Structures are given as C-alpha cells and as structure tokens.
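Survey of secondary and tertiary structure
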Amino acid sequence: MTDLNVDADSTPAFNVSKVEPGSGGSIATWPSKGDVMVEIPMVDSSQSTPSGMSSADLRSAVQQRYSDVSREPTGDWGFRVGRPFAEALGYPAALLNQLPAGAVEAFTGVGTPALFADVHPGDTVVDLGCGGGLDALILGLMSGPRGRVVAVDFAPEMAARARQNVKLMDQPHVEILERLVSDTGLLDASADWVTANGILNLSAAKEEVLDEVFRILRPGGRFLLAEIALREPLPPDRGHSLSDWFR
Ligand SMILES: C[S@@+](CC[C@H](N)C(=O)[O-])C[C@H]1O[C@@H](n2cnc3c(N)ncnc32)[C@H](O)[C@@H]1O
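These notes cover the structure that comes with them. Note that residues are indexed from 1 along each chain, following the sequence as it is written. Restriction of local features to residues with pLDDT of at least 70 applies here, the model being predicted, together with a cutoff of 80 or more for giving and counting side-chain atom pairs; totals for whole chains, interfaces and linings are based on all residues.

**Section: the overall build of the protein**
What counts as a helix is a DSSP run of H or I of at least four residues, what counts as a strand is a run of E of at least two, and both are numbered from the N terminus. Of the regular secondary structure elements, the protein holds nine helices and nine strands. The 247 residues of the protein split such that 40% are buried. For the protein, restricting intrachain contacts to residue pairs at least 6 apart in sequence, the fraction spanning at least 24 positions comes to 69%. Three exposure classes are used. Buried residues have 20 or more other C-beta atoms within 10 Å of their own C-beta, exposed residues have 12 or fewer, and partly exposed residues fall in between, all C-beta atoms being placed from the backbone. Any pair of residues counts as being in contact when their C-beta atoms, constructed from backbone geometry, are within 7 Å of one another.

Listed below in structure tokens is the structure:
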C-alpha cells in the first residue's frame with residue numbers, strides 16, 4: 001500500500017526511471033523536489049507483455065477476462081474473486097453488508113485502499129479500474145452527495161455491473177466511465193484523490209497510467225494504490241504466458 005502525497009508546489013510532471021530487470025524495481029520521483037514518492041516494481045519493456053503479444057493484444061485479453069469474470073464471478077479465473085477474499089483482505093463484514101451483493105461477489109482487488117483513503121464529504125475521487133464498484137461505493141459513502149466519485153473501467157460487463165450497483169445504492173454522485181485508465185477524459189487537476197486497487201500489474205504501459213494520475217490530480221491531491229509486486233525476479237520460465245498475467 002502506498003500513500004502518495006503530491007506536493008502542492010511541484011511541477012506537474014512525473015518521471016518513472018526504469019532500472020535493469022532483476023534489480024528489484026524502479027523509483028518514481030517528483031523531479032522538482034527530488035522526493036521519492038512511490039516505488040513501482042517494473043520489468044523491462046521486452047518482458048512487459050506475454051510472449052508474442054503486443055500491448056494492444058494484452059489490453060484486449062485483460063478486458064475480455066474481466067468482462068468474463070463479471071458474467072460469472074464464481075468461475076475459475078486463476079485469481080480470487082468475491083466476498084471471502086474481500087473479507088480476508090480486511091474489508092469489515094458490516095461494511096460489505098451495506099453494499100449490493102453484486103459489487104461484493106465480483107470483487108477482484110488486491111488490497112483495501114478505500115479503507116485507507118481519508119476522503120472527506122465534498123471531495124472528488126477517481127477510482128481507476130473499479131470492477132464491480134466495491135471501492136467506488138465505499139468512496140461514495142465517504143464523499144457523500146456533495147462530493148463526486150468517478151470510477152473507470154474498460155471492461156463493458158464490469159462497468160455495467162458497477163452502474164447497476166450505483167443505482168441499487170442510490171448514489172447519483174458516483175459515475176461509472178467505460179474508458180481506459182490511461183485516458184479517463186477527466187479535466188486536468190480535477191481530483192482530490194485517485195485510488196486504484198490492482199490496476200498497474202495488469203498494464204503493460206504503467207507509465208501512461210501514472211501520467212494520467214498526475215494529470216488529473218489537483219495540486220495537493222493524493223494517490224492511494226494497492227498493488228501486487230514481485231519481491232524477486234521470476235524464474236526464466238515464468239511470466240511469459242497469458243495465464244501468468246492472471247495470478
Ligand atoms: C484487479 S481488478 C480490480 C477491480 C476493482 N478495483 C475491485 O477492487 O474489485 C482490475 C480492474 O481494472 C480493469 N482494468 C484493467 N486494466 C484497465 C485499463 N487499462 N483501463 C481500464 N480498466 C482497466 C479491469 O477490467 C478490472 O475490472
């Protein structure tokens with residue numbers, strides 16, 4: 001879990017410096033101050049898609065996979081989905097009980113970022129890769145009707161599920177956008193918070209996602225993400241197949 005406080009005086013430019021594969025990751029820095037803001041493990045670009053797949057192929061495969069998960073959350077998808085997993089990660093049962101079952105059964109996050117976000121009534125929050133909307137709905141409770149939550153997902157069935165759950169929760173201030181997280185279409189410097197729960201590991205172009213985060217965050221806004229990361233390089237025979245992408 002990384003809580004990223006963007007300095008209000010900083011230039012809104014963001015660099016991710018890649019390091020040699022196997023050396024443990026890369027450091028993203030805020031250049032004008034030199035502060036280390038977040039550490040994001042990456043592989044070199046030649047390893048950032050499964051063998052034989054372009055970034056566009058990978059994107060389509062991810063989109064298809066999460067649409068399939070939305071259609072059949074109890075299927076065997078290679079990763080955990082649903083309420084027992086959400087509770088195991090730390091979402092309180094009492095909170096999950098307040099949400100539509102359709103948001104909880106399709107949960108596919110990797111952590112509990114919404115529980116760490118210090119969102120206040122009236123805040124504007126952008127949730128990247130919202131899936132069925134579990135975090136977006138929790139953030140909607142925090143920001144309240146004076147606030148705004150914009151939740152983004154490119155998988156049509158996930159976005160449709162999230163929209164349905166927003167209706168069931170009667171949260172008109174929560175809006176679901178079916179778009180790429182690297183191209184949200186939102187205004188520059190418009191978000192108080194950006195949250196993400198398991199989105200970077202699915203993307204071959206992590207820098208593009210981070211560029212978009214820093215474009216839409218207002219000065220002083222905050223980025224809170226839960227992510228999975230490798231502690232050590234994968235063995236040479238791992239990481240090349242599409243199924244390795246969904247673990
Ligand atoms: C690991 S799931 C997490 C879903 C949700 N945050 C949750 O906690 O249940 C990632 C979600 O991000 C979406 N996604 C992945 N890559 C995306 C991209 N490049 N643009 C938009 N959505 C993306 C997937 O469709 C999926 O619903």
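**Concerning the site of the ligand**
Placing a C-beta atom from the backbone of each residue, we mark the residue near a molecule or strand if the atom is within 6 Å of it. Neighbouring the ligand are 23 residues; Tyr66, Gly109, Gly129, Gly131 and Gly198 lie closest to it. Where the shell around the ligand is concerned, the elements lending two or more residues are α1 (55–71) and α6 (134–143). All amino acids are sorted into three groups, where Ala, Val, Leu, Ile, Met, Phe, Trp, Tyr, Cys and Pro are nonpolar, Asp, Glu, Lys and Arg are charged, and the leftover types, Gly among them, are polar. Here the residues of the shell around the ligand sort into 13 nonpolar, eight polar and two charged.

**Focus on the pairing of strand β9 (residues 217–226)**
For β9, a buried count of seven out of 10 residues is recorded, marking the element as mostly surrounded by other parts of the structure. Judged from the six bridges that link them, strand β8 (residues 191–197) and β9 form a sheet pairing that is parallel. Residue pairing for β9: threonine 195 is matched across the bridge by leucine 224. In this fold, the crossover linking β8 to β9 by way of helix α8 (residues 206–216) has right-handed handedness. Strand pairing requires that DSSP identify at least two bridges connecting the strands. Handedness is read with the strands pointing away from the viewer; a crossover is right-handed when the path from the first strand over the helix to the second is clockwise.

These figures come from the coordinates and say nothing about function on their own.
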